[in-house]
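Structural overview
Residues per chain are reported as follows:
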Amino acid sequence: MKHLLANTPLAALLACLPLAAALAQPVAAPAQAGRWVTESGNLEVDIAPCGDAWCGTVTRVIANRSMSAPGSDMQAADSRPALGMVILTGLRPGSEGVLDGQIYNRENGKTYSARLTPDGADQMQVRAYIGMPMLGKTQLWRRPAPASTPAEAARCAAWACGSPRWCSPGWRLRPAC
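About the thresholds
Residues numbered from 1 in each chain as written. Predicted model: local features only at pLDDT ≥ 70, side-chain atom pairs only at ≥ 80, totals over all residues. Heavy atoms only, no water. 1 Å grid on protein atoms, 1.4 Å probe; cavity = no way out; pocket = protein on both sides within 12 Å on 5 of 7 lines; lining within 4 Å. Points joined across faces, edges and corners; volume = space filled by probe spheres on them. Helix = DSSP H or I, 4+ residues; strand = E, 2+ residues; numbered from the N terminus. Nonpolar A, V, L, I, M, F, W, Y, C, P; charged D, E, K, R; others polar. Core = buried A, V, L, I, M, F, W, Y, C linked by side-chain atoms within 4.5 Å. Buried < 20%, exposed > 50% of the residue type's maximum accessible area, 1.4 Å probe, protein only. Contact = heavy atoms within 4.5 Å. Pairing = 2+ DSSP bridges. Polar contact = N/O pair within 3.5 Å; in protein donor to acceptor, adjacent residues only side chain to side chain.

Turning to the layout of surface pockets, a few remarks are in order. Here the largest pocket is characterised by a volume of approximately 500 Å³. Lining the largest pocket we find 24 residues, and of these Met67, Ile103, Asn105, Ala128 and Gln139 sit closest to its centre. Secondary structure elements with two or more residues in the lining of the largest pocket: strand S5 (99-105), strand S7 (123-129) and strand S8 (137-142). The residue inventory of the lining of the largest pocket, partitioned by class, reads 13 nonpolar, eight polar and three charged.

Below is the structure:
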């Protein structure tokens, strides 16, 4: 006995429903998602979805220290404001939990390949390179420490330009002025 729906468009549609349901499941966020403070302590960067990849956008400017000349202020090759700048682009999952994409260095105005590797719950290795990862340089980015009390959070948000405060244990934060 032949089934009434066999070889009909409705049968084809019903056969595709499990596949469509599987594809519609949300993709789990990588360990690298969220906010990070760069190794230099200059920027806070938020890694979030953007289109079909992940990107990192500067959400706070903390300081302006040079990475190439320690102890001096950075002279950015890019005159655009850092706040809101997308410095990590095209980040896609690679092997063993890494994200591979590109990183923009505003100090020299160049874009490099990048590999972001989780290093515990609150640290991430960011390796910028040209060609092969072994020919690059690794930075250690850390999660920003939360303010310990609501009063401390309010004090940190209300500080005046030029008067840095200790807002969280271990982090000397400077305002973005």
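In terms of nonpolar packing, the biggest core is built from 21 residues, with Ile47, Ile87, Leu88, Leu116 and Trp141 touching the most fellow members. Secondary-structure elements contributing two or more residues to this core are strand S2 (43-50), strand S3 (53-61), strand S4 (86-93), S5, strand S6 (110-118) and S7. Here Ile47 is in contact with Gln32, Ala33, Gly34, Trp36, Trp54, Cys55, Gly56, Leu88, Leu91, Leu116 and Met124, once residues within four sequence places are set aside.

The subject of this paragraph is the pairing of S2. By the bridge criterion, four bridges tie strand S1 (residues 34-37) to S2 in an arrangement that is antiparallel. Counterpart to Gly34 in the pairing with S2 is Ile47. Taken together, S1 and the strand that follows it, S2, pair antiparallel across an intervening segment of five residues, in which Gly41 is found at a positive phi of about 80°. Taken together, the eight bridges between S2 and S3 define a ladder with antiparallel strand orientation.

The next thing to look at is the environment of Asp52. Inspection of the secondary structure puts Asp52 in the loop between S2 and S3. Residues Asp52 and Leu91, 39 residues apart in the sequence, show an inter-C-alpha distance of 9.1 Å. Here the side chain of Asp52 touches Arg92 through a polar contact of 2.9 Å, side chain to side chain.

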